Every structure is written in C-alpha cells, then in structure tokens.
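# Architecture at a glance
Each chain, written out:
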Amino acid sequence: MSDVVVIGAGPAGVVAALRAAELGARTELLARSEFGGMAANDGPVPVRTLAHASRLLRDAEQLGRYGVTVSEPLLDYSRLLTRVREVVEDVRSHSSVRKQIGSLGVKVREQSGTVRFLDAHTVETRGGLRLQAEKFIICTGGISRRLPIPGFELTSTHSDAWGLTSVPPSMLVVGGGATGVQVASIFNAFGTRTQLFEAGPRILATEDEDVAAAASRAFRESGIVVRENFGTIESFEKTPAGIRMNFSKDGKPDSAEAALVVVAVGWVADSAGLNLAAAGVELNQRKFVKVDEYLRTSAPHIFAAGDITGRLMLVPQGVQAGFVAATNAVAGPTMPLGEEVTTTGSFTEPEYAQTGLSEAKARATHDIVTAVVHFDSTTRTIIDGRTFGFCKLIADRKTAKILGCHVIGERAVDIAEVAAIAIAAGMRVDELARIPLAFPTYAGILVNVAVSAARQLDLKVGWQAREE
Ligand SMILES: Cc1cc2nc3c(=O)[nH]c(=O)nc-3n(C[C@H](O)[C@H](O)[C@H](O)COP(=O)(O)OP(=O)(O)OC[C@H]3O[C@@H](n4cnc5c(N)ncnc54)[C@H](O)[C@@H]3O)c2cc1C
C-alpha cells in the first residue's frame, strides 16, 4: 500500500506528487496518457506554439516598413503541426520536475487510462491494476463543456486543431472567453475567415469593460466578424461545405455556416470516469469536486487540486493547489489555500491581461483612482510599431496602494506580471513611479501610469516620467 496516490499528471498532479514525496510519503502518480496532462500536451504549450506562428506571420507584415524585403510568407500547416509536436516533446523531456520526481522515488505510471475508485482506499487503472493508498489526491482537470443541442457532435474543440491537415477556409467560434478568442485570433491570422459568436453582451466577460471593448474593436479590424449578444443556438447541421449553426434572437431565426465550428463555452470537471461515489467524494453545485480551504474533499483522506475543483483554472494556480493539497494530505490540514495576486490574460492579437483587482471589483470595495496611459505615447511601442493599446492602473485613494492593473496591447501579460509583483509587495503608486525601470521597454509604461496616478493623489514622485 502507498502512502499517497495522485490521479492525473497535469501541473497540479505533478507538483502534488513531488511535494508528497518531498515530505517522505511513498507516492505513486497515475497519468491517463502522457506525463504533463492537458497543460503540456493539449492546452497552453501547443496552443501557445500556434499563437507564436500567428505572431510570426503578423510580424512579417512589418518587414517592408523596416526596409527588409522578402517574398510573401506562406503557412504550411502540417509543418507547423510538426513543430508543435517537437515543442511538446521538448518541453516534456526538459521538465526539471520530471527529473526531481524521479530522484525522489515517485512511481510514475503513464498510460494508466481512466483511473476509477473501487472503494475509499482502492483505485483501478484501465489495465486492471489495483492500487491501495492511505491518501489520494485527485488532479484530473477538466474538459470542454458540451451543449445539449441537436447536431452538437458535428462541432469541434480546440483539441481538434491537432487533427486538421490544413487550415480550414472558414470557421465559426462559439464562446468569446479566453479559449474562444485565442482560437479565433490564431486561425484568423492563418487566413481562415473567422466569425466569433458570444451569447453574452460582450466578449471577454471577465475582463475589464474597456479592455474587452478594445479587444473586440481590434479583432473586428483584423477581419474577425464578432457577433456579441447573438441569441440562442437551436441546432447544428451538416451542409455540403461544412456545418450550419441555426440560432435565433428575439424569436427571429438566423444561421451561419463554415467549414468548421469550434465550441469553447466553458470548462467542466473531468470526473465522469472516477466513480467518486465509491469513495464518498461529493461534487459541488457547479459539478466540480467540493473541497474546503485545505483542499480536502468530503472524504477526509482524499484531497483535490487544479481544474477539477473549479477554482481559477490556470497552470500557476494548479501548481500552487497541488503543493497545498499534498502538504495537507501528508502533514495534516495545516496549510490553507492562500489568496495570492493572480494574473490572467491571453496571447491573442492583441494580447490582454489583468492582475489584482479588476476596476469593477476595486470600485465596489474601495475608494479608488485610476490612471490610463496609451501605448502610442511610449517610446518602445513607437520603435516597434506596436502602438495599439493601453495600461490602466487602479489604486486605493486613501493608502495609494496599487490594487490592480489592466493592459491590452503588445506584451500585455509581461507588463501585468510586473504590476503583480508591485501589488504583492504592497507598493504605493509613488513608490512604483520612482523605480527606474529599463528604457525603452514595454514594462516601462508602468512608471508612466504610476506617475499619473500619484499626481491625482498629490503625491510627490521625485522625478518626472522619462517619456513626458
Ligand atoms: C486551449 C487552452 C489554453 C490554455 N492556456 C493557458 C495559459 O496560457 N496559461 C495558463 O496558465 N493556463 C492555460 N490553460 C489552462 C490550463 O491548461 C489548466 O488550468 C491546467 O492544465 C490545469 O491543470 P490540472 O493539473 O488541474 O489538469 P490537467 O492539465 O487537465 O491534467 C489532468 C490530467 O488528468 C487526466 N485524467 C482525467 N481523468 C482521469 C482519470 N479518471 N484517471 C487518470 N487520469 C485522468 C487528464 O487526461 C489530464 O491529462 C489553458 C487551457 C486550454 C484548454
């Protein structure tokens, strides 16, 4: 019998296994297929590689402007997929965590298939191998939400990109959240005629309103047809050229057709095959595994971490939760999951990101000031010809502490990361304004926006923003 069995080898599971072994537990890690889970094999790593290719195509458009003459770039999709596979393999083989796990003696069982509970202390792999343990940590992640709509089986998810042999001539993307906009942005850059459908009033519903509006404008200008508030889907049906989506708005029927329909309308727990009832593990109202602040499920010896718990579904949060769950599983419930500063965003064209409190949340809980600096007023963006976008800083009027930051434009995520560190350090706007960040950089915009916020608060910053 093991001390700990971890089910699922994505970021949460891998770190959970590492931590459990570090604390001295005899640990087994069960991967349904390859080590690394969805993150390494089907999510951020491969999708970011496609995004890099779309970025290269976009950058190539600038060559003439900077005096470089080359012939028109052409995308060979099957070569791109070969590159995706190389990157995935490279990332996997260079994983330092994999080496650490090995050196700590964790038994990694790849290709275990869908693992299911037989009782509270026993699981079984697809091949019939039965494993018993004192403690379990469930890290089985999530899957794309399916809609109970006639013809839904004709639609695709982002994962189907890996099975395409060429770039589709046209695509409908349903869902204007982080995954949907990424798919739309990438394939639009590859030359696919792309329509993005969002049932809500705006795309990027969880982002700042100004950021979402700017992203929507930029997507439209780049050729994506953005249809917000489009109505309700009635059905999907096959046509000679692809798939038709039938929908209606205010009782008026409408339709749209494309070679491919990608649906990205949410992410649900991958718990169906686990037979959780046999272990006494309950789901919450959203159908994710119910956990307390120590990531303990309703069965006190079973913990859960990562997307399966339905919290912020991102790699860094999965890693953090895996660490916390394993610590509590081995050492007893001593470490609650903290509320760290979080950065979210996407590598679309344009990029967008936010960190800390959104303006809307900050306004509801604090008396705030906001400052905005547009990208077209900073040196680096002008040098690079990337002047679209803005950075918005949110600070508490009384304490001058930075509460949040929204960015849209080139390297938005990197800029927001720097702001995240300032927030985590509890910095005031005038303190950030005094840091001599390197010139000319994208992150340098934070100094300008901090100066602007400090001025509104009548705080001295000691020196002027260098680009004024
Ligand atoms: C298209 C896309 C892009 C993304 N981009 C980003 C990004 O840029 N940055 C970011 O931080 N996050 C991104 N994410 C989110 C990120 O990938 C997830 O939050 C993260 O992978 C969650 O880690 P996890 O360990 O909880 O689960 P996963 O990575 O999903 O791993 C869980 C593993 O468990 C396996 N499993 C499931 N059920 C069983 C079972 N019964 N038995 C055995 N194994 C099982 C699954 O097959 C999977 O391999 C993206 C997601 C998608 C879909």
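Structural data are supplied above this passage.
For clarity, every value in this text was computed on a predicted model and none was experimentally measured. Every chain's residues receive numbers from 1 upward, in the order its sequence appears when written. Totals for whole chains, interfaces and linings use all residues, but because this is a predicted model, local features are given only for residues with pLDDT of at least 70 and pairs of side-chain atoms are given and counted only at 80 or more. As a rule here, side-chain values come from all non-hydrogen atoms in the structure, and water together with hydrogens is ignored.

## Looking at the sheet that holds strand S20 (residues 389-396)
Spelled out, the test is: One requirement defines pairing of two strands: DSSP has to find at least two bridges between them. Segments assigned H or I by DSSP are reported as helices when at least four residues long, segments assigned E as strands when at least two residues long, and all are numbered from the N terminus. Angles shown run from 0 to 180 degrees and are taken between the N-to-C directions of axes, each axis being a line fitted to C-alpha atoms and, for helices, limited to the stretch in contact.
On the basis of which strands lie adjacent, the open sheet formed by five strands has the order S17-S18-S21-S20-S19 and antiparallel pairing. In this open sheet, the two strands that pair with only one neighbour each are strand S17 (343-346) and strand S19 (368-374). When the angles between neighbouring strand axes are averaged without regard to direction, this sheet yields 10°. With four bridges joining them, S17 and strand S18 (residues 352-356) adopt antiparallel strand pairing. Across the sheet, the residue bridging to Ser346 is Tyr352, located in S18.

## Focus: the site of the ligand
To be explicit about the condition: Only a single heavy atom is needed: when it lies within 4 Å of a molecule or strand, its residue is near that molecule or strand. Identification of polar contacts relies on pairs of N or O atoms within 3.5 Å, with a donor-acceptor requirement for protein atoms, meaning one able to donate a hydrogen and the other able to accept it, and with residues adjacent in sequence counted only if both atoms are side-chain atoms. Under the convention used here, a 1.4 Å probe and the Shrake-Rupley method define accessible areas, while residue burial counts only the protein chains that appear. Gly is placed with the polar residues, together with every amino acid not listed as nonpolar (Ala, Val, Leu, Ile, Met, Phe, Trp, Tyr, Cys and Pro) or charged (Asp, Glu, Lys and Arg).
Every one of the 30 residues lining the ligand counts as a neighbour, but Ala12, Val115, Asp307, Leu314 and Val315 are closest to it. Note that an oxygen atom of the ligand is positioned 3.2 Å from one of the backbone N or O atoms of Met313. Burial of the ligand by the surrounding chains reaches 90%, relative to a free accessible area of 1000 Å². With three residues, the top contributor of residues to the shell around the ligand is helix H2 (residues 37-41). The class makeup of the residues in the shell around the ligand is 16 nonpolar, 11 polar and three charged.

## A word on the sheet that holds strand S8 (residues 170-174)
The condition that has to hold: Throughout, a contact is declared for two residues whenever any of their heavy atoms are within 4.5 Å.
Spatially, S10-S9-S8-S14 is the arrangement adopted by the four strands of the open sheet, whose pairing is parallel. Of all strands in the sheet, those bounded by a partner on one side alone are strand S10 (225-228) and strand S14 (260-263). Taken over all neighbouring pairs, the strand axes of this sheet differ in orientation by 15° on average, direction set aside. As defined by bridge partners, S8 adjoins S14 across four bridges and the pair is classed as parallel. Pairing of Val173 across the sheet is with Val262, part of S14. Contacts from helix H6 (residues 178-189) reach S8, strand S9 (193-198) and S14 within the one sheet, and its direction differs from that of S9 by about 165°.

## Some remarks on a nonpolar patch on the surface
The condition is simple: In this scheme, patches are assembled from residues that exceed 30% relative accessible area and form no salt bridge. Like charges are connected within 9 Å, while nonpolar side chains (Val, Leu, Ile, Met, Phe, Trp, Tyr) are connected within 5 Å. Any carboxyl oxygen of Asp or Glu within 4 Å of a side-chain nitrogen of Lys or Arg constitutes a salt bridge here. Burial here depends on accessible area, computed with a 1.4 Å probe over protein chains only, as a share of the maximum for the residue type. Under 20% is buried, over 50% is exposed, and the range in between is partly exposed.
Together, Tyr66, Val68 and Val70 make up an exposed nonpolar region whose accessible area comes to about 270 Å². Within the element layout of this structure, Val70 appears in the loop between helix H3 (44-60) and helix H4 (77-93). Owing to a relative accessible area of 53%, Val70 belongs among the exposed residues under this scheme.

## So, the environment of Trp267
With respect to the helices and strands, the residue Trp267 is situated in strand S15 (residues 267-269). Accessibility expressed as a relative area gives 22% for Trp267, which makes it partly exposed. For the pair Trp267 and Asp307, spaced 40 residues apart in the sequence, the C-alpha separation amounts to 8.5 Å. In contact with Trp267, not counting residues within four places along its chain, are Met38, Gly142, Ile143, Ser144, Arg145, His158, Phe288, Asp307 and Met313. A polar side-chain atom of Trp267 sits 3.1 Å from a polar atom in the side chain of Asp307.

## Notes on the pattern of salt bridges
Applying the stated rule across the entire model yields 31 salt bridges. For the salt bridge of Arg58 with Glu349, the shortest nitrogen-to-oxygen distance reads 2.5 Å. Taken as a pair, Arg58 in helix H3 and Glu349 in the loop between S17 and S18 lie far apart in primary sequence, 291 residues in all. You can call Arg58 buried: its relative accessible area is 10%. By relative accessible area, which is 31% here, Glu349 ends up partly exposed. We note a salt bridge from Arg244 to Glu237, for which the minimum N-O separation is 3.1 Å. A relative accessible area of 32% means that Glu237 is categorised as partly exposed. Each member of the salt-bridge network shares a partner with another, and the members are Arg55, Arg58, Asp59, Glu349, Glu351, Arg386 and Glu410.

## Let's talk about the pairing of strand S12 (residues 242-249)
Burial analysis of S12 places six of its eight residues in the buried class, the great majority of the element. Inspection of the sheet shows strand S11 (residues 232-239) paired to S12 by seven bridges, in the antiparallel sense. Considered in S12, the bridge of Ile233 is made with Phe247. Hairpin remark: S11 followed by S12, antiparallel, with two residues in the connecting loop. Hairpin connection between S12 and strand S13 (residues 252-258): a loop of two residues separates the two successive antiparallel strands, and Asp250 in this loop has a positive phi of roughly 50°.

## Re the packing of helix H1 (residues 11-22) against helix H5 (residues 96-103)
This is how the line gets drawn: Crossing handedness is defined as follows: a turn of the near helix away from the far one that is anticlockwise and smaller than a right angle gives a left-handed crossing, while the clockwise case is right-handed.
Between H1 and H5, the least distance of the axes is 9 Å, while the angle of their chain directions is 35°. Crossing hand, H1 versus H5: left-handed. Seen from H1, the contacting residues are Val14, Ala17 and Leu18; seen from H5, they are Val97, Gln100 and Ile101. For the contact of H1 with H5, the residue count by class is five nonpolar, one polar and no charged.

## What to know about the packing of aromatic side chains
Quick note on the threshold: Stacked, edge-to-face and tilted are the three classes for Phe, Tyr and Trp ring pairs, Trp counted by its six-membered ring, which pair at centre distances within 6.5 Å; planes under 30 degrees apart are stacked, over 60 edge-to-face, the rest tilted. The criterion for a charge sitting over a ring is simple: Lys NZ or Arg CZ within 6 Å of the ring centre, and within 35 degrees of the ring normal.
Across all of its chains, the model carries eight aromatic pairs by this definition. Between Phe187 and Phe190, the ring centres sit 5.5 Å apart and the planes meet at 80°, which makes this aromatic pair edge-to-face. Overall, Phe187 belongs to the buried group, its relative accessible area being 4%. An angle of 80° between the planes, with centres 5.4 Å apart, marks the rings of Phe230 and Phe247 as edge-to-face. With a gap of 17 residues between them, Phe230 in the loop between S10 and S11 and Phe247 in strand S12 connect regions that are remote in the sequence. No difference in accessibility class separates Phe230 from Phe247, as the two residues are buried. Ring pairing ties together the aromatic residues Tyr77, Phe187 and Phe190, which thus form one cluster. The residue whose ring lies beneath Arg48 is Phe347, and the NZ or CZ to ring-centre distance is 4.1 Å. Over the ring of Phe35 we find Arg98; its NZ or CZ atom is 4.5 Å from the centre of that ring.

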